[in-house]
Amino acid sequence: MSDVASTVESVDCCIVGSGPGGAMLALLLARQGVRVKLLEAHHDFEREFRGDTMHASTQHVLEQIGLTNRLNALPHAKIYEFPTHFPDGTVSPPPRAPHQSKHPPTLEVSQARFIELLVDEARQYPGFSIAFGARAEALIEHEGNIHGVRYRTGDGWGEVHAKLVVGADGRFSKIRQLAGLKLIGSADRIDLVWLRLPRSTGDPERAHGIYLGSDGFLVVVPRADDWQIGFTLPKDGFKRLRAAGIEALRASIVERAPFLADRTHLIADWRQTALLQVEIGRVERWYRPGLLLIGDAAHVMSPAAGVGINYAIQDAVVASNVLGRGLRGGVARTSDLAKVQRRRELPTRLMQAIQRQMRPDSMLGTISRSEIPLFARLMRLPLLNQVPGRLIAFGGFTPERVHGLDQCPSDDLQRTSSVLTQLGLCSPDAPDTLDNTRSVLRNTVHTRLAGGLLIGSIVVLFAWRLVIVEAVLGPINPADELPGAERDVLASGLLIGSIIATIGFTLLARQLRSSRVGGVGIDRSVGLPGGPGGTGARDGRHSR
Ligand SMILES: Cc1cc2nc3c(=O)[nH]c(=O)nc-3n(C[C@H](O)[C@H](O)[C@H](O)COP(=O)(O)OP(=O)(O)OC[C@H]3O[C@@H](n4cnc5c(N)ncnc54)[C@H](O)[C@@H]3O)c2cc1C
């Protein structure tokens, strides 16, 4: 086969890999009017055992882009809590407060159907196109800048020239390798075997969850029609498991989750199982001039807590927010690529650190207080114990919001906009009045929040020291030997105070700086006549 490209095209952005991250980024850019080409090596989206877990923030992103009804119309299972089942038969208590959010914390939806939905929506924008069976195999590079991708199909080679190439091609990313961005990773100490078993009407109400066993644990995830079972085993233990025979696998499953005993005979062949070699890794730099990595290509997540899809989607939202406008004007600034990494790297690294703690040996057996790992001790501190929950549910500290949503402004925003315009805070001449309104609201809220945080932090620092420690526990004397628990209280108070103070100072400084640049709280970079923020986003939508 000749290696001369039979198809050559030029776009603003070429995304390699139509997993959750790549498909979401393609949709978000296309709806902003960016010309996007999506390359997918496979001929369809059918994926067995690739993770179907959609946390609250992913559902929230779909709500923002008007796809909630279509998401909920897909066969799914809702999960409100994930109990732990102990070997003696006891089950962790259900959470005390019912979940208040309008979205369930977790929705289990077939990943293939989910990606189909995103791509189907993206097809409605004229700038979007997708090539199936197109495997990216080379980068087009000139003097260190990436200008495009060469890909191979059954019919020969093709080339896409682009201002930006995005590697969203998963944990074994070819683009990462071609770009020379090295993955710093470590294999986890466990591997996971996935399989499915049918659900039965007689199953216990809280049958899903984590089942602790003597030699590992079992994850039981509800899906629309069946249970997805994750069987853990020590690293490289799969060969030994296979050598022991399928009956040994059935017996281990029943030992961990006895309620499955009546159906393990349905596991008749190893082809019904899929091995996931668990790894946790990341690249140090997610970008090069003209190239960005997102999702598993930038950071391989362990399946613990089922956050892989969530993190890929949050990366896509940030990339679209930061890069969309520039790409529409035909520019991909390297400083913007760095910004995407800056915004997403910390949550990713923290989540990976948490995943490293979520191992069977830290969940099994009884451990004495002195052996409780530092991580677990820290998680007892107020506020700090919120961190893992937020990182899992939101893919960060707060869920990312999709920018450029003027296509379907809410009634509230419309009303607020007209009030602010009457008050003279919003310019009636700005073509993008709604963006202008958001900007004003954000600035006002942020300034108050920053000031409040600063004052709050000072109060917290003094309150903990004076009120709690002095009044309740006795006078502070550094020479006093405080017992462990009190020292924890003091330390946590000081830690929380300092964290809040740091956030307060940073926000306040940013606000002061932006109000100097933007005048009376209005971000004038938004929606200027003739600027890139004008009507392009609407154009994309109206073309439907
Ligand atoms: C076996 C398995 C089980 C998993 N289980 C879970 C789970 O239970 N919970 C969970 O949250 N996560 C799980 N994950 C991880 C989860 O699937 C990923 O974190 C998530 O899909 C990452 O999305 P992504 O878009 O970054 O990449 P991916 O979903 O990996 O998508 C990458 C896409 O790129 C395509 N591609 C690859 N190379 C090329 C190329 N050269 N050219 C063109 N296209 C290419 C692939 O075909 C694929 O469609 C699992 C992963 C695997 C492999």
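Quick caveat, the model's predicted, so the values are computed rather than measured.

A.B. asks: Looking at this model, I keep getting lost on the overall build of the protein. Mind explaining?
C.D. replies: Assigned secondary structure in the protein consists of 16 helices and 18 strands. Long-range contacts, defined as pairs at least 24 residues apart, comprise 75% of the intrachain contacts of the protein with a sequence gap of at least 6.

A.B. asks: Quick question: what am I supposed to make of the site of the ligand here?
C.D. replies: Near the ligand you find 33 residues, and of these Gly19, Gly51, Gly170, Gly295 and Gly308 are the closest. Contributions of two or more residues to the shell around the ligand are made by helix H1 (20–30), strand S2 (36–40), strand S8 (135–142), strand S15 (274–283) and helix H8 (308–328). Of the residues assigned to the shell around the ligand, the class counts are 15 nonpolar, 12 polar and 6 charged.

A.B. asks: In this structure, what is going on with the environment of Tyr311? I would like to understand it.
C.D. replies: Within the secondary structure, Tyr311 sits in helix H8. Judged by local crowding, Tyr311 falls into the buried class, with 28 C-beta atoms found within 10 Å. Sequence spacing of Tyr311 and Ala393 is 82 residues, and the spatial spacing of their C-alpha atoms is 9.9 Å. Contact partners of Tyr311, with chain neighbours within four places excluded, come to His299, Met301, Thr348, Met351 and Gly395.

A.B. asks: Which parts of the structure should I look at to understand the sheet that holds strand S5 (residues 84–85)?
C.D. replies: In a beta sheet, neighbouring strands pair by backbone hydrogen bonds and run either parallel or antiparallel. With mixed pairing, 7 strands are arranged side by side in an open sheet as S5-S12-S13-S14-S11-S15-S18. Looking along the sheet, the strands with just one partner apiece sit at the ends: S5 and strand S18 (299–300). Two elements, strand S13 (residues 216–222) and strand S14 (residues 226–234), share 5 bridges in a ladder whose sense is antiparallel. Bridge pairing in S14 links Val221 to Gln228. On top of the sheet, helix H9 (residues 334–357) reaches S15 and S18; it is set at about 135° to S15, its chief contact.

A.B. asks: Where do I start with the environment of Arg271 in this structure?
C.D. replies: With respect to the secondary-structure elements, Arg271 resides in the loop between helix H7 (246–256) and S15. C-beta crowding within 10 Å serves as the criterion here: with 6 such atoms nearby, Arg271 is assigned to the exposed category. Along the sequence, Arg271 and Leu195 sit 76 residues apart, while their C-alpha atoms lie 9.4 Å from each other.

Thresholds applied
- Residues numbered from 1 in each chain as written.
- Predicted model: local features only at pLDDT ≥ 70, side-chain atom pairs only at ≥ 80, totals over all residues.
- Helix = DSSP H or I, 4+ residues; strand = E, 2+ residues; numbered from the N terminus.
- Contact = placed C-beta atoms within 7 Å.
- Near = placed C-beta within 6 Å.
- Nonpolar A, V, L, I, M, F, W, Y, C, P; charged D, E, K, R; others polar.
- Buried ≥ 20, exposed ≤ 12 C-beta atoms within 10 Å, placed from the backbone.
- Pairing = 2+ DSSP bridges.
- Axes fitted to C-alpha atoms, helices over the stretch in contact; angles between N-to-C directions.

Remember, this is a structural readout, not a statement about activity or role.
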